[in-house]
Amino acid sequence: MSGWGREEGKSGFFLLTTRGCLSAAGGMALLMAQVGPVLAAETGAPHLDGRTLGLGWVAPFAGVLLSIALLPLLTPSLWHHHFGKVAAGWGLAFLLPFAVVHGVELAIYEVVHTALLEYIPFIILLTALFTVAGGVRVSGTLAGTPAVNTALLAGGTCAASLMGTTGAAMLFIRPLLRANSIRRYRQHTVVFFIFLVANIGGALTPLGDPPLFLGFLKGVDFFWPTLHLAAPTGVAVAVLLILYWGIDTALIRHERVLSPAVVDKGPQEPLTLEGWINLPLLLGILATVMVAGVWRPGISLTVYHVTVPLESVVSNGLLLLISALSLRLTPQESRLRNGFSWGPILEVAKLFAAIFLTIIPAIAILRAGSEGALAGVVALVTGPDGQPVTAMYFWACGLLSSVLDNAPTYLVFFNTAGGDAAILMENLPLTLAALSAGAVYMGANTYIGNAPNFMVKSIAEERGVVMPSFFGYMLWSGGILLPLFGVLTVLFFWK
(Lines give C-alpha, C1' and ligand atoms only; values in the text may rest on other atoms or scores of the structure.)
Protein backbone atom coordinates (compact mmCIF):
# COMPACT_ATOMS: atom_id res chain seq x y z
CA MET A 1 0.00 0.00 0.00
CA SER A 2 2.85 2.36 -0.80
CA GLY A 3 0.48 4.81 -2.42
CA TRP A 4 -0.64 6.05 0.97
CA GLY A 5 2.63 7.88 1.51
CA ARG A 6 4.00 9.25 4.78
CA GLU A 7 2.55 12.07 6.77
CA GLU A 8 5.04 14.72 7.77
CA GLY A 9 2.98 16.56 10.40
CA LYS A 10 1.83 15.08 13.68
CA SER A 11 -1.63 16.52 13.20
CA GLY A 12 -1.99 14.33 10.13
CA PHE A 13 -3.08 11.50 12.40
CA PHE A 14 -6.30 13.24 13.37
CA LEU A 15 -7.16 14.31 9.81
CA LEU A 16 -6.42 10.97 8.21
CA THR A 17 -7.94 8.81 10.90
CA THR A 18 -11.13 10.87 11.05
CA ARG A 19 -11.45 10.89 7.28
CA GLY A 20 -10.66 7.20 7.01
CA CYS A 21 -13.11 6.09 9.68
CA LEU A 22 -15.93 8.24 8.32
CA SER A 23 -15.30 6.96 4.84
CA ALA A 24 -15.08 3.39 6.13
CA ALA A 25 -18.31 3.62 8.04
CA GLY A 26 -20.11 5.00 4.98
CA GLY A 27 -23.84 4.76 5.58
CA MET A 28 -23.11 3.98 9.25
CA ALA A 29 -21.83 7.47 9.90
CA LEU A 30 -24.63 9.12 7.95
CA LEU A 31 -27.29 7.27 9.88
CA MET A 32 -25.67 8.08 13.21
CA ALA A 33 -25.66 11.75 12.34
CA GLN A 34 -29.46 11.68 12.33
CA VAL A 35 -29.81 10.52 15.95
CA GLY A 36 -28.84 12.37 19.10
CA PRO A 37 -27.99 11.22 22.60
CA VAL A 38 -30.60 11.23 25.31
CA LEU A 39 -30.07 10.98 29.04
CA ALA A 40 -32.28 8.02 29.82
CA ALA A 41 -32.79 4.72 28.04
CA GLU A 42 -35.73 4.64 25.68
CA THR A 43 -38.16 1.79 25.89
CA GLY A 44 -39.21 -0.44 23.05
CA ALA A 45 -35.81 -0.94 21.44
CA PRO A 46 -36.06 -2.77 18.10
CA HIS A 47 -35.03 -6.42 18.09
CA LEU A 48 -33.58 -8.53 15.29
CA ASP A 49 -34.85 -12.10 15.56
CA GLY A 50 -32.31 -14.39 13.92
CA ARG A 51 -34.97 -17.09 13.58
CA THR A 52 -36.64 -15.06 10.82
CA LEU A 53 -33.50 -14.67 8.69
CA GLY A 54 -32.57 -16.93 5.81
CA LEU A 55 -29.05 -17.58 4.65
CA GLY A 56 -29.56 -15.14 1.78
CA TRP A 57 -28.94 -12.28 4.20
CA VAL A 58 -25.37 -13.51 4.59
CA ALA A 59 -24.66 -12.93 0.86
CA PRO A 60 -23.24 -9.38 1.29
CA PHE A 61 -20.88 -10.67 3.97
CA ALA A 62 -19.78 -13.43 1.61
CA GLY A 63 -19.35 -10.75 -1.06
CA VAL A 64 -16.98 -8.79 1.17
CA LEU A 65 -14.90 -11.91 1.79
CA LEU A 66 -14.80 -12.85 -1.89
CA SER A 67 -13.85 -9.29 -2.85
CA ILE A 68 -10.95 -9.34 -0.41
CA ALA A 69 -9.93 -12.73 -1.74
CA LEU A 70 -10.31 -12.28 -5.49
CA LEU A 71 -10.12 -8.62 -6.53
CA PRO A 72 -6.46 -8.08 -5.53
CA LEU A 73 -5.67 -10.97 -7.89
CA LEU A 74 -8.05 -10.18 -10.74
CA THR A 75 -7.91 -6.37 -10.76
CA PRO A 76 -5.08 -5.26 -8.43
CA SER A 77 -5.08 -1.63 -9.61
CA LEU A 78 -8.85 -1.28 -9.17
CA TRP A 79 -8.67 -2.84 -5.72
CA HIS A 80 -5.72 -0.71 -4.62
CA HIS A 81 -7.46 2.55 -5.50
CA HIS A 82 -11.10 1.70 -4.79
CA PHE A 83 -11.27 -1.02 -2.12
CA GLY A 84 -13.02 1.44 0.21
CA LYS A 85 -15.77 1.97 -2.36
CA VAL A 86 -16.12 -1.77 -2.89
CA ALA A 87 -16.44 -2.26 0.87
CA ALA A 88 -19.03 0.53 1.12
CA GLY A 89 -20.95 -1.00 -1.78
CA TRP A 90 -21.30 -4.33 0.00
CA GLY A 91 -22.31 -2.55 3.18
CA LEU A 92 -25.11 -0.76 1.33
CA ALA A 93 -26.06 -4.02 -0.43
CA PHE A 94 -26.98 -5.33 3.01
CA LEU A 95 -28.25 -2.16 4.67
CA LEU A 96 -30.70 -0.87 2.04
CA PRO A 97 -32.64 -4.13 1.51
CA PHE A 98 -32.58 -4.72 5.26
CA ALA A 99 -34.16 -1.30 5.87
CA VAL A 100 -36.85 -2.01 3.25
CA VAL A 101 -37.74 -5.47 4.58
CA HIS A 102 -37.29 -4.97 8.34
CA GLY A 103 -37.88 -1.24 8.64
CA VAL A 104 -35.70 1.84 8.87
CA GLU A 105 -35.98 1.91 12.67
CA LEU A 106 -34.44 -1.53 13.09
CA ALA A 107 -31.79 -0.77 10.46
CA ILE A 108 -30.73 2.41 12.28
CA TYR A 109 -30.72 0.59 15.60
CA GLU A 110 -28.48 -2.22 14.32
CA VAL A 111 -26.07 0.25 12.71
CA VAL A 112 -25.88 2.45 15.81
CA HIS A 113 -25.49 -0.59 18.06
CA THR A 114 -22.71 -2.05 15.93
CA ALA A 115 -20.95 1.30 15.56
CA LEU A 116 -21.04 2.44 19.18
CA LEU A 117 -20.49 -0.84 20.97
CA GLU A 118 -18.30 -2.73 18.52
CA TYR A 119 -16.79 -0.94 15.52
CA ILE A 120 -15.76 2.41 17.00
CA PRO A 121 -14.17 0.92 20.17
CA PHE A 122 -12.48 -1.69 17.95
CA ILE A 123 -10.96 0.93 15.66
CA ILE A 124 -9.96 3.25 18.51
CA LEU A 125 -8.13 0.42 20.31
CA LEU A 126 -6.38 -0.72 17.12
CA THR A 127 -5.43 2.87 16.29
CA ALA A 128 -3.97 3.42 19.76
CA LEU A 129 -1.91 0.24 19.61
CA PHE A 130 -0.86 0.96 16.02
CA THR A 131 0.17 4.54 16.86
CA VAL A 132 2.05 3.76 20.07
CA ALA A 133 3.81 0.63 18.81
CA GLY A 134 4.67 2.44 15.58
CA GLY A 135 6.63 5.01 17.57
CA VAL A 136 9.05 2.43 18.97
CA ARG A 137 12.09 1.82 16.79
CA VAL A 138 14.95 -0.56 17.36
CA SER A 139 17.97 0.99 15.64
CA GLY A 140 21.25 -0.72 14.91
CA THR A 141 22.09 -3.76 12.84
CA LEU A 142 19.80 -6.75 13.02
CA ALA A 143 20.76 -9.63 10.77
CA GLY A 144 17.89 -11.69 9.43
CA THR A 145 19.42 -15.05 10.25
CA PRO A 146 17.31 -18.06 11.25
CA ALA A 147 18.40 -17.63 14.87
CA VAL A 148 17.58 -13.91 14.99
CA ASN A 149 14.28 -14.35 13.16
CA THR A 150 13.22 -17.22 15.40
CA ALA A 151 14.14 -15.17 18.49
CA LEU A 152 12.07 -12.22 17.24
CA LEU A 153 9.10 -14.51 16.55
CA ALA A 154 9.43 -16.06 20.01
CA GLY A 155 9.69 -12.64 21.67
CA GLY A 156 6.64 -11.33 19.85
CA THR A 157 4.68 -14.47 20.70
CA CYS A 158 5.44 -14.07 24.41
CA ALA A 159 4.57 -10.36 24.29
CA ALA A 160 1.19 -11.01 22.63
CA SER A 161 -0.47 -12.24 25.82
CA LEU A 162 0.84 -9.22 27.72
CA MET A 163 0.09 -6.40 25.30
CA GLY A 164 -2.42 -8.01 22.96
CA THR A 165 -1.85 -9.51 19.54
CA THR A 166 -2.25 -6.12 17.85
CA GLY A 167 0.24 -4.37 20.15
CA ALA A 168 2.82 -7.13 19.85
CA ALA A 169 2.37 -7.38 16.08
CA MET A 170 2.84 -3.64 15.59
CA LEU A 171 5.86 -3.58 17.91
CA PHE A 172 7.75 -6.52 16.39
CA ILE A 173 6.85 -6.52 12.68
CA ARG A 174 8.97 -3.52 11.69
CA PRO A 175 12.24 -4.70 13.32
CA LEU A 176 11.65 -8.13 11.78
CA LEU A 177 11.10 -6.69 8.30
CA ARG A 178 14.13 -4.42 8.64
CA ALA A 179 16.30 -7.34 9.75
CA ASN A 180 15.27 -9.24 6.62
CA SER A 181 15.39 -6.31 4.21
CA ILE A 182 18.16 -7.84 2.09
CA ARG A 183 16.85 -11.39 2.27
CA ARG A 184 15.56 -12.88 -0.94
CA TYR A 185 12.85 -14.98 0.72
CA ARG A 186 10.73 -13.10 3.25
CA GLN A 187 7.16 -14.19 2.67
CA HIS A 188 7.40 -17.24 4.93
CA THR A 189 8.67 -15.11 7.81
CA VAL A 190 5.64 -12.82 7.69
CA VAL A 191 3.26 -15.77 7.39
CA PHE A 192 4.69 -17.42 10.50
CA PHE A 193 4.62 -14.03 12.23
CA ILE A 194 0.86 -13.87 11.60
CA PHE A 195 0.45 -17.44 12.89
CA LEU A 196 2.38 -16.85 16.11
CA VAL A 197 2.44 -13.18 17.10
CA ALA A 198 -0.86 -11.99 15.61
CA ASN A 199 -2.87 -14.96 16.85
CA ILE A 200 -1.69 -17.97 18.88
CA GLY A 201 0.52 -15.92 21.18
CA GLY A 202 -2.51 -14.07 22.56
CA ALA A 203 -4.10 -17.16 24.14
CA LEU A 204 -2.80 -16.91 27.72
CA THR A 205 -4.50 -13.84 29.20
CA PRO A 206 -7.66 -11.77 28.63
CA LEU A 207 -5.38 -8.98 27.37
CA GLY A 208 -4.14 -11.18 24.56
CA ASP A 209 -7.21 -11.43 22.34
CA PRO A 210 -10.76 -9.98 22.42
CA PRO A 211 -12.58 -13.33 22.90
CA LEU A 212 -10.70 -14.00 26.13
CA PHE A 213 -11.38 -10.47 27.31
CA LEU A 214 -15.09 -11.02 26.73
CA GLY A 215 -14.81 -14.22 28.76
CA PHE A 216 -13.16 -12.21 31.54
CA LEU A 217 -16.06 -9.76 31.47
CA LYS A 218 -18.46 -12.72 31.71
CA GLY A 219 -16.75 -13.96 34.87
CA VAL A 220 -13.88 -16.19 33.73
CA ASP A 221 -10.94 -15.73 36.11
CA PHE A 222 -8.12 -13.58 34.73
CA PHE A 223 -5.50 -16.34 34.97
CA TRP A 224 -7.82 -19.17 33.94
CA PRO A 225 -6.59 -19.13 30.32
CA THR A 226 -2.98 -19.03 31.56
CA LEU A 227 -3.46 -22.27 33.49
CA HIS A 228 -5.70 -24.16 31.09
CA LEU A 229 -4.31 -23.08 27.71
CA ALA A 230 -0.61 -23.10 28.62
CA ALA A 231 -0.01 -26.68 27.48
CA PRO A 232 -1.73 -26.57 24.05
CA THR A 233 -0.34 -23.10 23.38
CA GLY A 234 3.16 -24.23 24.36
CA VAL A 235 2.98 -27.22 22.03
CA ALA A 236 1.63 -25.13 19.14
CA VAL A 237 4.27 -22.43 19.58
CA ALA A 238 7.13 -24.93 19.92
CA VAL A 239 6.09 -26.85 16.79
CA LEU A 240 5.71 -23.67 14.71
CA LEU A 241 9.02 -22.15 15.86
CA ILE A 242 10.92 -25.36 15.12
CA LEU A 243 9.24 -25.68 11.72
CA TYR A 244 9.98 -22.05 10.92
CA TRP A 245 13.64 -22.39 11.91
CA GLY A 246 13.97 -25.42 9.62
CA ILE A 247 12.34 -23.65 6.66
CA ASP A 248 14.34 -20.45 7.16
CA THR A 249 17.60 -22.38 7.53
CA ALA A 250 16.98 -24.20 4.24
CA LEU A 251 16.06 -20.98 2.44
CA ILE A 252 19.01 -18.95 3.69
CA ARG A 253 21.38 -21.68 2.57
CA HIS A 254 19.85 -21.42 -0.89
CA GLU A 255 20.18 -17.62 -0.73
CA ARG A 256 23.89 -17.85 0.10
CA VAL A 257 24.38 -19.80 -3.09
CA LEU A 258 22.42 -17.23 -5.09
CA SER A 259 23.85 -14.14 -3.39
CA PRO A 260 26.86 -14.04 -1.05
CA ALA A 261 25.67 -10.61 0.17
CA VAL A 262 23.21 -12.16 2.64
CA VAL A 263 24.10 -10.74 6.05
CA ASP A 264 24.35 -13.42 8.72
CA LYS A 265 27.11 -12.26 11.05
CA GLY A 266 24.95 -10.76 13.80
CA PRO A 267 24.79 -7.13 14.96
CA GLN A 268 27.49 -4.84 13.56
CA GLU A 269 26.16 -1.65 15.18
CA PRO A 270 24.91 -1.50 18.77
CA LEU A 271 21.17 -1.91 19.18
CA THR A 272 19.41 1.11 20.64
CA LEU A 273 15.80 1.88 21.39
CA GLU A 274 14.19 5.01 19.98
CA GLY A 275 10.81 6.29 21.07
CA TRP A 276 11.10 4.69 24.49
CA ILE A 277 8.41 7.04 25.81
CA ASN A 278 5.90 4.84 23.99
CA LEU A 279 6.59 1.92 26.33
CA PRO A 280 4.85 3.51 29.34
CA LEU A 281 2.12 4.69 26.96
CA LEU A 282 1.68 1.07 25.88
CA LEU A 283 1.29 0.12 29.53
CA GLY A 284 -1.28 2.92 29.75
CA ILE A 285 -3.30 1.26 26.99
CA LEU A 286 -3.22 -2.05 28.84
CA ALA A 287 -4.23 -0.40 32.11
CA THR A 288 -7.08 1.43 30.38
CA VAL A 289 -8.44 -1.80 28.90
CA MET A 290 -8.15 -3.65 32.21
CA VAL A 291 -9.84 -0.91 34.24
CA ALA A 292 -12.65 -0.62 31.69
CA GLY A 293 -13.24 -4.34 32.16
CA VAL A 294 -13.77 -4.17 35.91
CA TRP A 295 -14.98 -0.60 36.57
CA ARG A 296 -18.77 -0.43 36.63
CA PRO A 297 -19.99 3.04 37.72
CA GLY A 298 -23.54 2.27 36.65
CA ILE A 299 -23.78 5.45 34.53
CA SER A 300 -24.56 5.32 30.84
CA LEU A 301 -25.48 7.37 27.79
CA THR A 302 -28.20 6.21 25.44
CA VAL A 303 -28.17 6.80 21.69
CA TYR A 304 -31.22 5.56 19.82
CA HIS A 305 -32.02 2.79 22.34
CA VAL A 306 -28.34 1.77 22.52
CA THR A 307 -26.91 2.07 26.02
CA VAL A 308 -23.25 3.12 26.01
CA PRO A 309 -21.71 2.64 29.48
CA LEU A 310 -19.61 5.43 30.92
CA GLU A 311 -16.59 3.15 31.23
CA SER A 312 -16.63 2.63 27.47
CA VAL A 313 -16.79 6.37 26.78
CA VAL A 314 -13.98 7.08 29.24
CA SER A 315 -11.74 4.29 27.97
CA ASN A 316 -12.19 5.37 24.34
CA GLY A 317 -11.33 8.95 25.31
CA LEU A 318 -8.23 7.83 27.20
CA LEU A 319 -7.08 5.72 24.26
CA LEU A 320 -7.41 8.69 21.91
CA LEU A 321 -5.49 10.82 24.43
CA ILE A 322 -2.72 8.23 24.61
CA SER A 323 -2.53 8.19 20.80
CA ALA A 324 -2.22 11.98 20.76
CA LEU A 325 0.50 11.89 23.43
CA SER A 326 2.43 9.32 21.44
CA LEU A 327 2.33 11.53 18.37
CA ARG A 328 3.29 14.58 20.40
CA LEU A 329 6.16 13.00 22.34
CA THR A 330 7.71 10.77 19.68
CA PRO A 331 10.21 12.46 17.33
CA GLN A 332 8.67 12.44 13.89
CA GLU A 333 12.00 11.44 12.41
CA SER A 334 11.84 8.17 14.35
CA ARG A 335 8.46 7.37 12.84
CA LEU A 336 9.66 8.21 9.35
CA ARG A 337 12.76 6.06 9.76
CA ASN A 338 10.52 3.32 11.10
CA GLY A 339 8.56 3.38 7.84
CA PHE A 340 5.42 4.41 9.70
CA SER A 341 2.36 5.42 7.68
CA TRP A 342 -1.39 5.44 8.19
CA GLY A 343 -2.12 3.17 5.23
CA PRO A 344 -2.54 -0.13 7.12
CA ILE A 345 -4.89 1.23 9.79
CA LEU A 346 -7.00 3.02 7.16
CA GLU A 347 -7.26 -0.17 5.16
CA VAL A 348 -8.39 -2.07 8.24
CA ALA A 349 -10.87 0.70 9.13
CA LYS A 350 -12.55 0.61 5.73
CA LEU A 351 -12.64 -3.14 5.22
CA PHE A 352 -13.71 -3.97 8.75
CA ALA A 353 -16.48 -1.38 8.61
CA ALA A 354 -18.05 -3.47 5.84
CA ILE A 355 -17.32 -6.68 7.73
CA PHE A 356 -18.88 -5.42 10.97
CA LEU A 357 -21.94 -4.19 9.09
CA THR A 358 -22.59 -7.20 6.87
CA ILE A 359 -21.86 -9.66 9.68
CA ILE A 360 -24.95 -8.48 11.59
CA PRO A 361 -27.35 -11.09 10.11
CA ALA A 362 -24.76 -13.87 10.36
CA ILE A 363 -24.31 -13.31 14.10
CA ALA A 364 -28.08 -13.01 14.61
CA ILE A 365 -28.62 -16.36 12.87
CA LEU A 366 -25.97 -18.00 15.03
CA ARG A 367 -27.53 -16.56 18.18
CA ALA A 368 -30.83 -18.15 17.19
CA GLY A 369 -29.14 -21.48 17.87
CA SER A 370 -31.15 -24.55 16.98
CA GLU A 371 -34.01 -22.36 15.68
CA GLY A 372 -31.85 -20.49 13.16
CA ALA A 373 -30.74 -21.23 9.63
CA LEU A 374 -27.39 -22.46 10.98
CA ALA A 375 -28.96 -24.90 13.43
CA GLY A 376 -26.74 -27.63 12.03
CA VAL A 377 -23.66 -25.87 13.37
CA VAL A 378 -25.13 -25.75 16.87
CA ALA A 379 -26.17 -29.42 16.65
CA LEU A 380 -22.59 -30.40 15.83
CA VAL A 381 -21.33 -29.32 19.26
CA THR A 382 -23.95 -31.23 21.29
CA GLY A 383 -24.02 -34.98 21.74
CA PRO A 384 -27.12 -37.24 21.87
CA ASP A 385 -26.96 -37.09 25.66
CA GLY A 386 -27.15 -33.29 25.61
CA GLN A 387 -23.54 -32.93 26.73
CA PRO A 388 -21.07 -30.73 24.83
CA VAL A 389 -18.76 -32.38 22.31
CA THR A 390 -15.47 -30.78 23.28
CA ALA A 391 -13.57 -31.39 20.04
CA MET A 392 -16.42 -29.93 18.01
CA TYR A 393 -16.46 -26.82 20.18
CA PHE A 394 -12.80 -26.33 19.29
CA TRP A 395 -13.36 -26.77 15.57
CA ALA A 396 -16.77 -25.12 15.16
CA CYS A 397 -15.84 -22.04 17.16
CA GLY A 398 -12.43 -21.95 15.46
CA LEU A 399 -13.53 -22.31 11.86
CA LEU A 400 -16.29 -19.74 12.25
CA SER A 401 -13.80 -17.41 13.93
CA SER A 402 -11.64 -17.73 10.82
CA VAL A 403 -14.21 -15.85 8.77
CA LEU A 404 -16.44 -14.15 11.35
CA ASP A 405 -15.40 -11.77 14.09
CA ASN A 406 -13.95 -14.10 16.74
CA ALA A 407 -15.29 -12.12 19.72
CA PRO A 408 -19.06 -12.52 19.03
CA THR A 409 -18.43 -16.05 17.77
CA TYR A 410 -16.82 -16.86 21.13
CA LEU A 411 -19.86 -15.43 22.91
CA VAL A 412 -22.25 -17.52 20.83
CA PHE A 413 -20.51 -20.77 21.75
CA PHE A 414 -19.92 -19.60 25.33
CA ASN A 415 -23.69 -19.19 25.66
CA THR A 416 -24.35 -22.45 23.81
CA ALA A 417 -22.22 -24.21 26.45
CA GLY A 418 -24.38 -22.75 29.20
CA GLY A 419 -23.15 -19.17 29.57
CA ASP A 420 -22.32 -19.47 33.29
CA ALA A 421 -18.60 -18.87 33.79
CA ALA A 422 -18.50 -20.45 37.24
CA ILE A 423 -20.14 -23.66 36.02
CA LEU A 424 -17.97 -23.82 32.92
CA MET A 425 -14.74 -23.33 34.88
CA GLU A 426 -15.75 -25.88 37.53
CA ASN A 427 -17.70 -28.55 35.65
CA LEU A 428 -16.82 -28.08 31.96
CA PRO A 429 -13.25 -26.73 31.93
CA LEU A 430 -12.29 -28.72 28.84
CA THR A 431 -15.22 -27.27 26.88
CA LEU A 432 -14.34 -23.73 27.92
CA ALA A 433 -10.68 -24.34 27.04
CA ALA A 434 -11.64 -25.77 23.65
CA LEU A 435 -13.87 -22.91 22.56
CA SER A 436 -11.35 -20.36 23.90
CA ALA A 437 -8.47 -21.98 22.04
CA GLY A 438 -10.49 -22.33 18.85
CA ALA A 439 -11.49 -18.65 18.83
CA VAL A 440 -7.90 -17.48 19.37
CA TYR A 441 -5.81 -20.03 17.45
CA MET A 442 -7.91 -20.27 14.31
CA GLY A 443 -7.97 -16.54 13.74
CA ALA A 444 -4.70 -17.39 11.97
CA ASN A 445 -6.49 -19.42 9.28
CA THR A 446 -7.33 -16.40 7.10
CA TYR A 447 -6.29 -12.78 6.68
CA ILE A 448 -9.60 -11.66 8.18
CA GLY A 449 -9.59 -14.03 11.14
CA ASN A 450 -8.02 -11.38 13.38
CA ALA A 451 -7.49 -7.66 12.78
CA PRO A 452 -3.66 -7.72 13.15
CA ASN A 453 -3.43 -10.19 10.26
CA PHE A 454 -4.47 -7.61 7.69
CA MET A 455 -2.38 -4.89 9.32
CA VAL A 456 0.75 -7.05 9.22
CA LYS A 457 0.04 -7.95 5.59
CA SER A 458 -0.33 -4.27 4.65
CA ILE A 459 2.85 -3.22 6.45
CA ALA A 460 4.82 -6.05 4.83
CA GLU A 461 3.56 -5.11 1.38
CA GLU A 462 4.54 -1.48 2.02
CA ARG A 463 8.07 -2.78 2.65
CA GLY A 464 8.12 -4.64 -0.64
CA VAL A 465 7.28 -8.14 0.59
CA VAL A 466 5.18 -10.04 -1.93
CA MET A 467 2.51 -11.54 0.29
CA PRO A 468 0.31 -14.48 -0.70
CA SER A 469 -3.21 -13.81 -1.95
CA PHE A 470 -6.22 -14.51 0.27
CA PHE A 471 -6.43 -18.11 -0.92
CA GLY A 472 -2.65 -18.37 -1.20
CA TYR A 473 -2.40 -17.58 2.49
CA MET A 474 -5.01 -20.25 3.19
CA LEU A 475 -2.76 -22.78 1.45
CA TRP A 476 -0.09 -21.92 4.02
CA SER A 477 -2.52 -22.11 6.95
CA GLY A 478 -4.27 -25.20 5.61
CA GLY A 479 -1.01 -27.05 5.06
CA ILE A 480 0.58 -26.10 8.39
CA LEU A 481 -2.04 -25.05 10.92
CA LEU A 482 -4.90 -27.47 10.24
CA PRO A 483 -2.75 -30.59 10.78
CA LEU A 484 -1.32 -28.94 13.90
CA PHE A 485 -4.81 -28.21 15.20
CA GLY A 486 -5.70 -31.84 14.52
CA VAL A 487 -2.83 -32.95 16.74
CA LEU A 488 -3.90 -30.50 19.45
CA THR A 489 -7.43 -31.93 19.26
CA VAL A 490 -6.19 -35.44 19.94
CA LEU A 491 -3.79 -34.34 22.68
CA PHE A 492 -5.94 -31.84 24.56
CA PHE A 493 -9.55 -31.57 23.36
CA TRP A 494 -10.68 -35.12 22.76
CA LYS A 495 -13.14 -36.52 25.27
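Details of the structure are given in the entry above.
Cut-off values and rules
- Each chain has its residues counted from 1, following the order in which its sequence is written.
- Reporting in this predicted model follows two pLDDT cut-offs: at least 70 for local features of residues, and 80 or more for side-chain atom pairs to be given and counted; totals over whole chains, interfaces and linings ignore these cut-offs and use all residues.
- In computing side-chain values, all of the structure's heavy atoms are included and hydrogens and water are not.
- Numbering of helices and strands runs from the N terminus; a helix is a DSSP stretch of H or I covering at least four residues, while a strand is a stretch of E covering at least two.
- Per-residue accessibility, obtained with a 1.4 Å probe over protein chains only, is compared with the maximum for each type, and a residue is labelled buried under 20%, exposed over 50%, and partly exposed between these values.
- A pair is scored as a salt bridge if a Lys or Arg side-chain nitrogen falls within 4 Å of a carboxyl oxygen belonging to Asp or Glu.
- Within 6.5 Å between ring centres, the rings of Phe, Tyr and Trp (the latter by its six-membered ring) count as paired, and their orientation is classed by plane angle as stacked under 30 degrees, edge-to-face over 60, tilted in between.
- In this scheme, the term charge over a ring applies when either NZ of a lysine or CZ of an arginine sits within 6 Å of the ring centre and within 35 degrees of the ring normal.
- Definition of a polar contact: a pair of N or O atoms within 3.5 Å, with one able to donate and the other able to accept a hydrogen when the atoms are protein atoms, and with sequence-neighbouring residues admitted only if both atoms are side-chain atoms.

When glycine is set aside, most residues are seen to have a negative phi, and most peptide bonds are trans. One non-glycine residue, Tyr304, lies in positive phi territory at about 50 degrees. Relative to the helices and strands, Tyr304 is located in the loop between strand 4 (300–303) and strand 5 (306–309). Looking at Tyr304, the relative accessible area reads 18%, which means it is buried. Positive phi is not limited to glycine here, since His305 has a value of about 75 degrees. With respect to the helices and strands, His305 occurs in the loop between strand 4 and strand 5.

Attention now goes to the pattern of salt bridges. Under the defined criterion, the tally for this structure stands at five salt bridges. Between Asp49 and Arg51 there is a salt bridge, with the nearest N and O atoms lying 2.8 Å from each other. On the basis of relative accessibility, which here comes to 48%, the residue Arg51 falls in the partly exposed class. Glu461 is paired through a salt bridge with Lys457; the nearest N and O atoms lie 3.0 Å apart. Of this pair, Glu461 and Lys457 are both found in helix 21 (residues 451–462), four residues apart, which corresponds to roughly one turn of the helix. Residue Lys457 is classed as buried on the basis of its relative accessible area, which comes to 12%.

Applying the stated criterion across every chain yields a total of 23 aromatic pairs. With a centroid separation of 6.2 Å and 45 degrees between ring planes, the pair formed by Phe130 and Trp342 is classed as tilted. In this pair, Phe130 sits in helix 5 (residues 104–133) while Trp342 sits in the loop between helix 13 (332–337) and helix 14 (343–358), placing the two residues 212 residues apart along the sequence. Comparing Phe130 with Trp342, the two get one shared label, buried. Ring pairing ties together the aromatic residues Phe192, Phe195, Tyr244, Tyr447, Phe454 and Tyr473, which thus form one cluster. Of note, Lys457 hangs over the ring of Tyr447, and the distance from its end group to the ring centre comes to 5.4 Å.

Position of Thr226 relative to the elements: it lies in helix 9 (residues 224–228). Distance from Thr226 to Thr205, taken between C-alpha atoms, is 5.9 Å for residues 21 residues apart in sequence. Within the structure, the side chain of Thr226 is placed 2.5 Å from the backbone oxygen of Leu204, a separation counted as a polar contact.

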